[in-house]
Amino acid sequence: MSTFAADRSEQAREAVMNAVRAKISNHPRSQQKRIGPSEIGNPCDRRIGYKLLGQPERERGDAWKPTVGTAVHAWLERALDDEDQALVIAAKGMLGDDQLTWITEKRVTVGYLADGTPITGSCDAYHRPTRTIIDHKVVGVASLRDKKANGPGEQYRAQVHLYAAGFVMAGIPVDAVAINFMPQNGNLTDAWWWSEPFDFARAAQAIGRLRAIEAHITQAGSVEGLPAVEAWCSFCPFHTPGSTDLQAGCPGLSEPRSGGGFAHMVEAPTITQGSKAS
């Protein structure tokens, strides 16, 4: 390839990558500032405190894996909506919303902060015939293996129960919650489905913990006194290795893992009482 052709090829490559990065950085998820249902169950009180304070988050790179997950979520939404559309066509339009199978990407309010600010989130799917809340998770091989062996983890469980509470408060009955773990690579047969009965008390407990953390930072004006736990600190947007000033960032607790991807990010950690970073 000539130098001219190579330069033109590089120009094209840069144009594609710049467009991809711009799209990622401008995605609503990348710009989300308020805490949402997916974060409330995180086992680290300090991380939640930083989020409530509006602490600036460090750059997380190109966030390609979350982008792949977002794309798969959009495809799954279309698949479910297409199924409902087929029902409407077959019935020649003579179907009410309550006769359809799915509700997709419904935005619900799952609770409120002390100042009345609503905590909202978009639920992936609701299956009307079984009154089941469904959240899709697109995960890597190691994470999928871990979930099958150890369950979904408390953060994911809190998230789906919060969505369910939001539906109930909106007047839509819920009997069960489910998480649909889909493989980032591999085959559809590798997917794993987890489900349990809806428990309003679990959602209330998550909101109660959030409000307690909120009360602490309101009084203290900082995250001082909030414990940090081992929850994949290196992936935390508030992690500042070596920091001695919690106002600037958290030094974290966990050592880098040798493998396992994001498998343990949503597991409740085992720590000693009162353990926290200095």
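For the structure itself, look to the data block above.
Just so it is clear, the model here is predicted, and its values are computed rather than measured.

Rules behind the numbers
- Residues numbered from 1 in each chain as written.
- Predicted model: local features only at pLDDT ≥ 70, side-chain atom pairs only at ≥ 80, totals over all residues.
- Heavy atoms only, no water.
- Core = buried A, V, L, I, M, F, W, Y, C linked by side-chain atoms within 4.5 Å.
- Buried < 20%, exposed > 50% of the residue type's maximum accessible area, 1.4 Å probe, protein only.
- Helix = DSSP H or I, 4+ residues; strand = E, 2+ residues; numbered from the N terminus.
- Contact = heavy atoms within 4.5 Å.
- Salt bridge = Lys/Arg side-chain N within 4 Å of Asp/Glu carboxyl O.
- Patch = residues over 30% accessible without salt bridge, like charges linked within 9 Å, V, L, I, M, F, W, Y side chains within 5 Å.
- Areas by Shrake-Rupley, 256 points an atom, 1.4 Å probe, with all protein chains shown as cover.
- Expected span 1.5 Å × (residues − 1).
- Disulfide = S-S within 2.5 Å.
- Pairing = 2+ DSSP bridges.

Engineer: Any chance you could break down the nonpolar core for me, citing the residues and the numbers?
Structural biologist: Grouped together as the largest cluster of nonpolar side chains are 45 residues, with contacts concentrated most on Ile40, Ile133 and Phe167. Counting only elements with at least two residues in this core, the list comes to α4 (45-53), β1 (102-112), β2 (118-127), β3 (132-139), α7 (154-169), β4 (176-183) and α8 (200-220). For this core, the leading source of residues is α7, giving eight residues. Among residues more than four places away in sequence, those in contact with Ile133 are Cys123, Ala125, Tyr126, Val160, Tyr163, Ala164, Phe167, Val174, Ala176, Val177 and Ala178. Ranked by size, the runner-up nonpolar core spans five residues in total, among them Trp102, Ala125, Ile134 and Ala178.

Engineer: Which residues make up the pattern of salt bridges, and what are the values?
Structural biologist: This model, assessed by the stated rule, comprises eleven salt bridges. One salt bridge in this structure joins Asp146 and Lys147, with 3.9 Å as the shortest N-O distance. For Glu196, the salt bridge is made with Arg157, and the minimal N-O distance between the two is 2.8 Å. Of this pair, Glu196 sits in strand β5 (residues 192-197) while Arg157 sits in helix α7; the two residues are 39 residues apart in sequence, bridging distant segments of the chain. Exposure class is identical for Glu196 and Arg157. Each is buried. Taken together, the salt bridges that share partners define one network made up of Glu154, Arg157, Glu196 and Arg202.

Engineer: Describe in detail a nonpolar patch on the surface, supporting the description with residues and values.
Structural biologist: On the surface, Val168, Met169 and Phe200 cluster together into a nonpolar patch covering about 260 Å² of accessible area. Relative to the helices and strands, Val168 is located in helix α7. By relative accessible area, Val168 is classed as partly exposed at 33%.

Engineer: Go over α7 with me, naming the residues and quoting the values.
Structural biologist: In this model α7 runs 22 Å from its N-terminal to its C-terminal C-alpha over 16 residues, within 8% of the 22 Å that 1.5 Å per residue would give. Counted residue by residue, α7 has 13 buried out of 16 residues, so it is predominantly covered. Where α7 ends, the next residue or the one after it, Gly171, has phi of about 90°, a positive value.

Engineer: Before we move on, can you summarise the state of the cysteines with the specific residues and values?
Structural biologist: Applying the stated criterion across every chain, the model contains zero disulfides. The thiol sulfur of Cys236 is not disulfide-bonded, and the nearest other cysteine sulfur, from Cys44, lies at 6.4 Å. Take Cys236: its relative accessible area is 10%, and that puts it in the buried class. Note on Cys250: no disulfide assigned, nearest cysteine sulfur contributed by Cys233 at a separation of 6.1 Å.

Engineer: Got a sec to walk through the pairing of β2? Specific residues and values, please.
Structural biologist: In terms of burial, β2 is largely enclosed, as eight of its ten residues are buried. Note that β1 and β2 share nine bridges and pair antiparallel. Bridging from a neighbouring strand, Thr104 pairs with Ala125 of β2. The loop that links β1 with its antiparallel partner β2 comprises five residues; one of these, Gly116, has a positive phi angle of about 90°. Bridge analysis of β2 against β3 gives three bridges, and the strand direction is antiparallel. The residue of β3 that forms the bridge with His127 is Thr132. Counting the residues in the hairpin turn of β2 and β3 gives four residues, including Arg131, whose phi is positive at 55°.

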